[in-house]
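Results of the structural survey
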Amino acid sequence: MADTRPISSQSQSAEEPAKTVPFRGGGFVVKPLGVIAPLVFVVIIALWELGSQTGFISGLVLPSPSESFEAFRQLFDSGLLFVHLSASLQRIVIGWTVGSTLGIIVGLMIGLSSVARAGLAPLVSAIFPIPKIALLPLFIIWFGIGEGSKVATILFGTFFPTVITTYGGVDNVDRNLIRMGQSFGLSWMSIVRKIILPGALPAILSGCRISGSIAIILLVAAEMIGAEFGIGAYILMAGSLFATDQLIAGVAILSVMGLCFAWVIGRAEKYFLNWRT
Amino acid sequence: MDLHLQKLSHDYGKLAVLRDIELEVRSREIVCIVGPSGCGKSTLLRLVGGLEQPTRGQVMQIGEPPAGCLNPLTYIFQDFALLPWRSVKGNISLVLEDRGLGRGEAEEIITDVLRRTKLSDFADAWPRQLSGGMKQRVAVARALAVKPAVMLMDEPLSALDSQTRELLMDDLVELWLTEGFTAVYVTHNLAEAVRLGHKIVVLSRRPGRVREMVSIDIPLDQRKNHVKELDDKQKLLWSMLRDEAMAADQELLDG
């Protein structure tokens, strides 16, 4: 079909083969598919149960979901679930709340004051990577074997990441907005409250997501040392008795705690960041 | 209230940005500042409004700002600088909140400026819902709310497409005819300068000096009927700027 006729004069000629331009965009676009997430869970648990029932998965290797659920039901019936859960929740709520609040305050100080930044930022960077669980013996000496050391572990563990995300958030607030505030003669306090804090809030909230998970991890670790009650203590006990069904039940409770926390943060983001799309 | 810039010079470290700027801004006058990119136009505007301190020289306020003026020197920024977490109304109320005004009084001012900028229907919209032109209208409304003595406009139309720019220019002319505001208007667009400026200051390339001062006597509302004269002025300005712009373009930025 290739000849030397100019294209312009032959644009609609019948002999030329015509076809639509193939679509090649798309992909890389995340679409919300609400049904898939629960479906994945259901399918995995169903396969796992099937494997246990048929003997493909030995009960010694992994207890079946129904056994684990049975262990959970026993825990519930004995009334110990609430004892464990309330002990854990109390520790995590106090530790996380105090740690995050202090972290936001110190993060704001580092973000807003050159003196605080010069003095505290290197300190934070130096202490942040230390696994707080390694300091637990020290915390026990300082704060006692009881609640103090466990709350302190969670508090320290959530404090440092919150500091870092908060001052990162403050640094990322649009300088032009701050200059605008100054040019209209707003007070320092107003600029912080109405421009810097809302501007840093997305970063602070995503920091909360991370510190929440860290809090759960540290909770279990702290409760494995010298705690009578708590989900971590329950899991440790189950582990030392090789009661794997109880162990799975305990781990599932932690997982649900994490999901609940993520849901709460998600609601907070929807509420506070409703100005975003 | 008039402004007098006296021997204004500014350096960033070793880099000389502005040299001996001498300029008077009279009440009810729009002074346009044009110059090649990087000549310190925006720096000059920041010095005028007190957002930066000049290395040498000073900016003098001559006379008192008019009664009821809340923020004598008020900026309008190129990137609008609206808070995305506040509605149109909230963005305007932001600049009234520290002034000790009663709720009713602030509400009155907001309603008034929204009406004057034809934004009354958009009071509760979020900035993200607005087009660029509408955002800049909100910024103009916000500036009007503090009853400025002098508006400092930093390339206010440069982030907009040419059609929106045309519309907003008409709005500014209309606003000037009804209110007679005073403004220092920085732009790199010569068409804007000849449409809005009573006085046009041409800066040289860095370090910026006043190279030329051009006055246009045609009243703002009649400029659309004097296309020829404006065109000549624009060509004149371009002939002054051309060599400066070319030289500025070929400079290394950190040289």
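Residues numbered from 1 in each chain as written. Chains lettered and ligands numbered in written order. Predicted model: local features only at pLDDT ≥ 70, side-chain atom pairs only at ≥ 80, totals over all residues. Heavy atoms only, no water.

Okay, the confidence of the model for chain B next. Considering every residue of chain B, the mean pLDDT works out to 90; 99% of them sit at 70 or more. Mean pLDDT values over the elements of chain B span from 88, in helix α7 (residues 227–249) of chain B, up to 95, in helix α2 (residues 88–94) of chain B. (pLDDT = per-residue confidence, 0-100. Helix = DSSP H or I, 4+ residues; strand = E, 2+ residues; numbered from the N terminus.)

Turning our eyes to something else, we now look at the environment of A87 of chain A. Residue and element names in this part refer to chain A. Within the secondary structure, A87 sits in helix α3 (residues 80–112). Classification of A87 as buried rests on a relative accessible area of 12%. Along the primary structure A87 and L138 are separated by 51 residues, whereas in three dimensions their C-alpha atoms are 22 Å apart. Contact partners of A87, with chain neighbours within four places excluded, come to F229 and G230. (Buried < 20%, exposed > 50% of the residue type's maximum accessible area, 1.4 Å probe, protein only. Contact = heavy atoms within 4.5 Å.)

Attention now moves to the interface of chain B and chain A. Between chain B and chain A, the residue contacts involve 24 residues of the former and 19 residues of the latter. Between chain B and chain A, roughly 1900 Å² of surface is buried when both sides are summed, and carbon and sulfur atoms account for 65% of that area. Linking chain B with chain A are two salt bridges. Across the salt bridge formed by K194 of chain A and D98 of chain B, the nearest N and O atoms sit 3.7 Å from each other. Seen at the junction of chain B and chain A, the total is nine residue pairs in polar contact (both at pLDDT 80 or more). Only β5 (73–76) and α4 (132–145) of chain B provide two or more residues apiece to the side of chain B that touches chain A. (Buried area = accessible area lost by both parts, 1.4 Å probe. Salt bridge = Lys/Arg side-chain N within 4 Å of Asp/Glu carboxyl O. Polar contact = N/O pair within 3.5 Å; in protein donor to acceptor, adjacent residues only side chain to side chain.)

Excluding glycine, most residues fall at negative phi; most peptide bonds, likewise, are trans. Residue and element names in this part refer to chain B. Between R206 and P207 the backbone carries a cis peptide bond, its omega angle lying at -5°. The residue R28 is not glycine, and still its phi comes out positive at about 60°. Examined against the element boundaries, R28 turns out to sit in the loop between β2 (15–25) and β3 (30–34). The phi dihedral of A81 falls on the positive side, at around 50°, and the residue is not glycine.

Moving on to the packing of aromatic side chains. Enumeration over the complete set of coordinates arrives at eleven aromatic pairs over all chains. For the pair Y271 of chain A and F272 of chain A, a centre-to-centre distance of 5.1 Å together with 80° between the ring planes defines the contact as edge-to-face. Following the ring pairs from residue to residue traces out a cluster consisting of F139, W142, F143 and F156 of chain A. Lying over the aromatic face of W176 of chain B, R28 of chain B brings its terminal NZ or CZ to 5.8 Å of the ring centre. (Phe/Tyr/Trp six-rings, centres within 6.5 Å; stacked < 30°, edge-to-face > 60°. Lys NZ or Arg CZ within 6 Å of the ring centre and 35° of its normal.)

With that settled, the discussion passes to the sheet that holds strand β1 (residues 2–12) of chain B. All names here are of chain B. Taken together, three strands build an open sheet; the order of strands is β2-β1-β4 and the sheet is antiparallel. Both edges of this open sheet fall to β2 and β4 (56–62), since each of them pairs with a single strand only. Here the average twist between neighbouring strands, direction ignored, is 10°. Taken together, the seven bridges between β1 and β2 define a ladder with antiparallel strand orientation. (Pairing = 2+ DSSP bridges. Axes fitted to C-alpha atoms, helices over the stretch in contact; angles between N-to-C directions.)

Turning our attention to helix α6 (residues 147–171) of chain A. With 25 residues, α6 of chain A should reach 36 Å at 1.5 Å per residue; the first-to-last C-alpha distance of 36 Å fits that figure. Across the 25 residues of α6 of chain A, 18 count as buried, placing the element largely inside the fold. (Expected span 1.5 Å × (residues − 1).)

This part is about the pairing of strand β9 (residues 210–215) of chain B. On a regular strand, each side chain points to the face opposite its neighbour's, so the side chains alternate between the two faces of the sheet. All names here are of chain B. Note that strand β8 (residues 199–203) and β9 share five bridges and pair antiparallel. Opposite L203, over in β9, you have V210 as the bridge partner. The loop that links β8 with its antiparallel partner β9 comprises six residues.

We now examine the environment of P207 of chain B. All names here are of chain B. With respect to the helices, strands and loops of the structure, P207 is situated in the loop between β8 and β9. Residue class for P207 comes out partly exposed when judged on its relative accessible area of 27%. A sequence separation of 168 residues divides P207 from C39, and the C-alpha atoms of the two residues are 6.3 Å apart. Once you skip the residues sitting within four places of it in the chain, P207 turns out to touch A16, V17, L18 and R19.

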